[in-house]
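Fold and contact review
Spelled out, the chains give:
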Amino acid sequence: MKTVDVNERTLEQEKKYLKQTSAIVRIESVCFTLALMMLMVQEMVSAAPGDGESASVLFWIKLIFLPLQAVAAIIVSNFAIALFKEIETGDTPFRYSIADKLKGLSNAILGGSIIFAAPYLVSYLVNAFTETGEPQTNACAVIMLGGLFLGVLFKALSYIFSYGSKLQQESDETL
Amino acid sequence: MKLRKNATIEEQYKNVCKYIHGFSVGGEAILCLLSLAMLVSVVAQLIGQGPFAEMFADDSGIWKSLYYTYYVLLFLIAVNFLRIAFKKLSSSDSPFREDVATGMRRLSLVLIWGGAGSMIIAPLLHSKAPVVGSSGFNLFGFCIMVAGLMFDAFSLIFKYGCKLQQESDETL
């Protein structure tokens, strides 16, 4: 099987590999969102109280936030799918529309992390004021920090793509 | 992130990259300490004495230690590559450099293989210690793999950007 050294790939070959990878990422994003929503529902069903048992405060708070979390997961996934679809179908990855989609994705991740962390924060506050004695986790801090880091990372990539779009524009004008 | 109102795109991305580099340095320091603690815990569990032997003092202690050690080491390696890439991004004239693209590719490989490993290890460890991992499909490992593929796509875009930058420089 003839292979091409990574460093000797032409621009066209780079574009071809990029399109293939973008298609795979799109499919995996859809699978990930579906799996996440099924897992969230399964977690709620398994945590549901049995006969004669009372549900924990965290269970009710999570149940209230479940639709919001599902919407947030769909929005983030939508941004990711649209981004990689545009990368896959365009002539060049350096377009201002892609930089804008990256910025949108970073904002969606920041917002989504707040929505996913909110149940744990609300549960913590309820526990602090009512002293229900339920065990608390540090999931809120982990989700917020992770979401903040990813959001800032995609924001940086959006600026880099804007720079790349400027470079592409200059290259096209020169041609 | 304070920027001048009319900051250029270069200033914008360098500023954000500096923050990410700072985050990565802090994260790597914490992960280094955690990984040391986890490794000591695993050794202590194996020999049955020493510090951190009581950290997971139950029948599934060693399996829990191994489970957390795997993820801590995985994220330590990933954050290290991320730190190096963003250090170069914040200090160089152009973001489109071969070493940045190579760094992103290495990060993507670590995440893809780490995620795949997680999808194998999590169910195995779950069978030994039901409190960790998951039976069947491991979503967290799958998420890590998706992130790895995203970074692979970005490394390819950066390589394309390098060629574009090279053509632009040659034209000038």
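All values derive from a computational prediction rather than experimental measurement.

All names here are of chain B. Of the volumes computed, that of the second largest pocket is approximately 260 Å³. Per element, the largest residue contribution to the lining of the second largest pocket is 7 residues, and it comes from helix α4 (residues 139-171). A breakdown of the residues in the lining of the second largest pocket according to their chemical character gives 6 nonpolar, 6 polar and 4 charged.

The next point concerns the pattern of salt bridges. If you walk through the whole model with that rule in mind, you get 7 salt bridges over all chains. Two residues, E86(A) and K101(A), come together in a salt bridge whose shortest N-O distance is 2.9 Å. One end of the pair, E86(A), is in helix α2 (residues 57-89); the other, K101(A), is in helix α3 (residues 96-130), with 15 residues separating them in the sequence. For K101(A), a relative accessible area of 23% puts it in the partly exposed group. Between E28(B) and R83(B) there is a salt bridge; the shortest N-O distance is 2.6 Å. Pair noted here: E28(B) is in helix α1 (residues 9-47) and R83(B) is in helix α2 (residues 61-91), with a separation of 55 residues, a long-range link. For E28(B), a relative accessible area of 13% corresponds to the buried category.

Considering soluble globular proteins, one finds that nonpolar side chains tend to be buried as a cluster. In this structure, F154(B) and F158(B) are the most contacted members of the largest nonpolar core, which totals 60 residues. At the level of elements, α1 (11-47), α2, α3 and α4 (139-174) of chain A together with α1, α2, α3 (98-128) and α4 of chain B are the ones that each hand at least two residues to this core. Among the elements that line this core, the one with the most residues is α4(B), at 14 residues. The contacts of F158(B), once residues within four sequence positions are left out, are L157(A), I160(A), L89(B), P95(B), F96(B), V100(B), A101(B) and M104(B). Core analysis: the second largest hydrophobic core is formed by 8 residues, A35(A), L66(A), A73(A) and L139(B) among them.

Turning to the interface of chain A and chain B, a few remarks are in order. Contacts between the two partners involve 45 residues from chain A and, on the opposite side, 43 residues from chain B. Buried area between chain A and chain B, both sides added, is near 3,900 Å², and the carbon and sulfur share of it is 83%. On the chain A side of the contact with chain B, Y159(A), I160(A) and Y163(A) bury the most area, a combined 16% of that side's loss. Applying the counting criterion to the chain A and chain B interface returns 0 salt bridges. Counting the contacts that link chain A with chain B gives 3 residue pairs in polar contact (both at pLDDT 80 or more). Every element with two or more residues in the side of chain A that touches chain B is listed here: α1, α2 and α4 of chain A. Each residue belonging to the side of chain A that touches chain B can be placed in one class, and the counts come to 29 nonpolar, 10 polar and 6 charged.

Right, let's get into α4(B). Between its first and last C-alpha atoms α4(B) spans 48 Å; for 33 residues at 1.5 Å apiece the expected length is 48 Å, and the two agree. Of all 33 residues in α4(B), 25 are buried; the element is thus mostly enclosed.

Attention now goes to the packing of aromatic side chains. Under the counting rule described, the total for this entry stands at 14 aromatic pairs over all chains. Plain terms: the ring middles of F94(A) and F161(A) are 5.6 Å apart, the flat faces sit at 55° to each other, and that makes the pair tilted. Placement of the pair is F94(A) in the loop between α2 and α3 and F161(A) in helix α4, with a sequence separation of 67 residues. Classification of F94(A) by relative accessible area gives buried; the value is 2%. F161(A) gets classed as buried once you look at its relative accessible area, which sits at 0%. Here the aromatic rings of F75(B) and F140(B) are separated by 6.2 Å at their centres, their planes lie at 55°, and the arrangement is tilted. With a gap of 65 residues between them, F75(B) in helix α2 and F140(B) in helix α4 connect regions that are remote in the sequence. On the basis of relative accessibility, which here comes to 40%, the residue F140(B) falls in the partly exposed class. By the ring-pair criterion, three or more aromatic residues cluster together here, those being F84(A), F94(A), F154(A), F161(A), Y163(A), F96(B), F154(B), F158(B) and Y160(B).

Residues and elements named next belong to chain A. Summarising the element assignment, G151 is placed in helix α4. When its relative accessible area of 0% is taken as the criterion, G151 is described as buried. When the C-alpha atoms of G151 and I109 are compared, they prove to be 5.5 Å apart, with 42 residues separating the residues in sequence. Ignoring any residue separated from it by four or fewer positions in sequence, one finds G151 in contact with S106, I109 and L110.

The rules behind each value
- Residues numbered from 1 in each chain as written.
- Chains lettered and ligands numbered in written order.
- Predicted model: local features only at pLDDT ≥ 70, side-chain atom pairs only at ≥ 80, totals over all residues.
- Heavy atoms only, no water.
- 1 Å grid on protein atoms, 1.4 Å probe; cavity = no way out; pocket = protein on both sides within 12 Å on 5 of 7 lines; lining within 4 Å.
- Points joined across faces, edges and corners; volume = space filled by probe spheres on them.
- Helix = DSSP H or I, 4+ residues; strand = E, 2+ residues; numbered from the N terminus.
- Nonpolar A, V, L, I, M, F, W, Y, C, P; charged D, E, K, R; others polar.
- Salt bridge = Lys/Arg side-chain N within 4 Å of Asp/Glu carboxyl O.
- Buried < 20%, exposed > 50% of the residue type's maximum accessible area, 1.4 Å probe, protein only.
- Core = buried A, V, L, I, M, F, W, Y, C linked by side-chain atoms within 4.5 Å.
- Contact = heavy atoms within 4.5 Å.
- Buried area = accessible area lost by both parts, 1.4 Å probe.
- Polar contact = N/O pair within 3.5 Å; in protein donor to acceptor, adjacent residues only side chain to side chain.
- Expected span 1.5 Å × (residues − 1).
- Phe/Tyr/Trp six-rings, centres within 6.5 Å; stacked < 30°, edge-to-face > 60°.

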